[in-house]
Amino acid sequence: MQVWQQNFLLFFIGYSLLCFILGFYNSRKKNYLGVCHLFYPLGAYVWADAVIFGLFWAMITVVVYYLKNWYLFLTFYFVFQTIRTFGESIYWFNQQFSTVNRNPGKRQWPHFFFRDEYTTWFVYQIMWQCVCAVCTIFAIYFSYMWLGGYSR
């Protein structure tokens, strides 16, 4: 593993631990569902997510750093993102047809462009489906690399 990759993993461990600590702090203050934009790359969209995913990523990254396998890290990351974004697609699909409005469309960024709650929800749904597709391809590619499919 190259030095920049090792440094990135060390940064990612710190970033994950910060996510966990801030998630725990905000959750203790009963702000479980407060949005935490800073930690979207970890799959944490609200502070309750941050507690779980911060700890998850810190542990995964420590193991990967110990094993010194960059492709294993990338495989973990994109398989996780595939699963996470699939779940988000389902969430927004359900929100689209639910009578309970947990995420008013007018408070979401797509509403700025589309000016309609229904459209806002399905835009989120299809956006996460696109991210899921890209992450699936990356997961397949990096799994192949991790398993030794590429040799120099």
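Before any of the text, the structure's been laid out above.
Residues numbered from 1 in each chain as written. Predicted model: local features only at pLDDT ≥ 70, side-chain atom pairs only at ≥ 80, totals over all residues. Heavy atoms only, no water.

Focus on the overall build of the protein chain
In terms of regular secondary structure, the protein chain is built from 5 helices and 0 strands. Overall, the protein chain shows an N-to-C arrangement of helices and strands of α-α-α-α-α. With the C-alpha coordinates aligned to their principal axes, the bounding extent of the protein chain is approximately 50 × 35 × 20 Å. When burial is assessed residue by residue, the protein chain has 43% of its 152 residues classed as buried. Sequence-distant contacts in the protein chain: of pairs separated by 6 or more residues, those separated by 24 or more amount to 58%. Accessible surface computed for the protein chain: about 9400 Å², of which carbon and sulfur atoms make up 70%. With 10 positive and 4 negative side-chain charges, the protein chain shows a separation of 13 Å between the mean positions of the two kinds. (Helix = DSSP H or I, 4+ residues; strand = E, 2+ residues; numbered from the N terminus. Buried < 20%, exposed > 50% of the residue type's maximum accessible area, 1.4 Å probe, protein only. Contact = heavy atoms within 4.5 Å. Areas by Shrake-Rupley, 256 points an atom, 1.4 Å probe, with all protein chains shown as cover. Lys, Arg positive; Asp, Glu negative; His and termini not counted. Charge placed at Lys NZ, Arg CZ, Asp CG, Glu CD.)

Here we look at helix H1 (residues 3–28)
In a regular helix each residue adds 1.5 Å, so 26 residues correspond to 38 Å; H1 covers 37 Å between its end C-alpha atoms and thus fits that length. Along its buried surface, H1 packs onto helix H2 (47–67) and helix H3 (70–97). Lys30 sits one or two residues past H1 and shows a positive phi near 65 degrees. (Expected span 1.5 Å × (residues − 1).)

So, the packing of aromatic side chains
The full count for this structure, using the stated rule, is 33 aromatic pairs. Measuring from ring centre to ring centre gives 6.0 Å for Phe12 and Tyr15, while their planes differ by 55 degrees; the resulting arrangement is tilted. Here Tyr15 and Phe12 lie together in helix H1, a separation of 3 residues that amounts to about one turn. Look at Phe12 and you get buried, because its relative accessible area is 6%. Where Trp57 meets Tyr77, the ring centres are 5.6 Å apart and the plane angle is 45 degrees; that geometry is what we call tilted. Of this pair, Trp57 sits in helix H2 while Tyr77 sits in helix H3, and the two are 20 residues apart along the sequence. Just as Trp57 is buried, Tyr77 falls in that class too. The cationic tip of Lys68 hangs over the ring face of Tyr65; the distance from NZ or CZ to the ring centre is 4.3 Å. (Phe/Tyr/Trp six-rings, centres within 6.5 Å; stacked < 30°, edge-to-face > 60°. Lys NZ or Arg CZ within 6 Å of the ring centre and 35° of its normal.)

Looking at the side chain of Gln95
Considering the arrangement of structural elements, one finds Gln95 in helix H3. We classify Gln95 as buried; its relative accessible area is 3%. In this structure, Gln95 is in contact with Val100, Asn101, Arg102, Asn103 and Trp121, ignoring residues within four places of it in sequence.

Some details on the side chain of Asp49
By secondary structure assignment, the location of Asp49 is in helix H2. For Asp49, a relative accessible area of 19% gives the class buried. Ignoring sequence-local partners within four residues, the contact set of Asp49 consists of Gly43, Ala44, Gly54 and Arg84.

Here's the deal with the packing of H3 against helix H5 (residues 117–146)
Relative to each other, H3 and H5 sit at 160 degrees, their axes nearing to 7 Å. Considering their axes alone, H3 and H5 lie roughly antiparallel with respect to each other. Read as a crossing pair, H3 and H5 show a hand that is left-handed. (Axes fitted to C-alpha atoms, helices over the stretch in contact; angles between N-to-C directions. Parallel < 35°, antiparallel > 145°, perpendicular 65-115°, else oblique. Left-handed = near helix turned anticlockwise from the far one by under 90°.)

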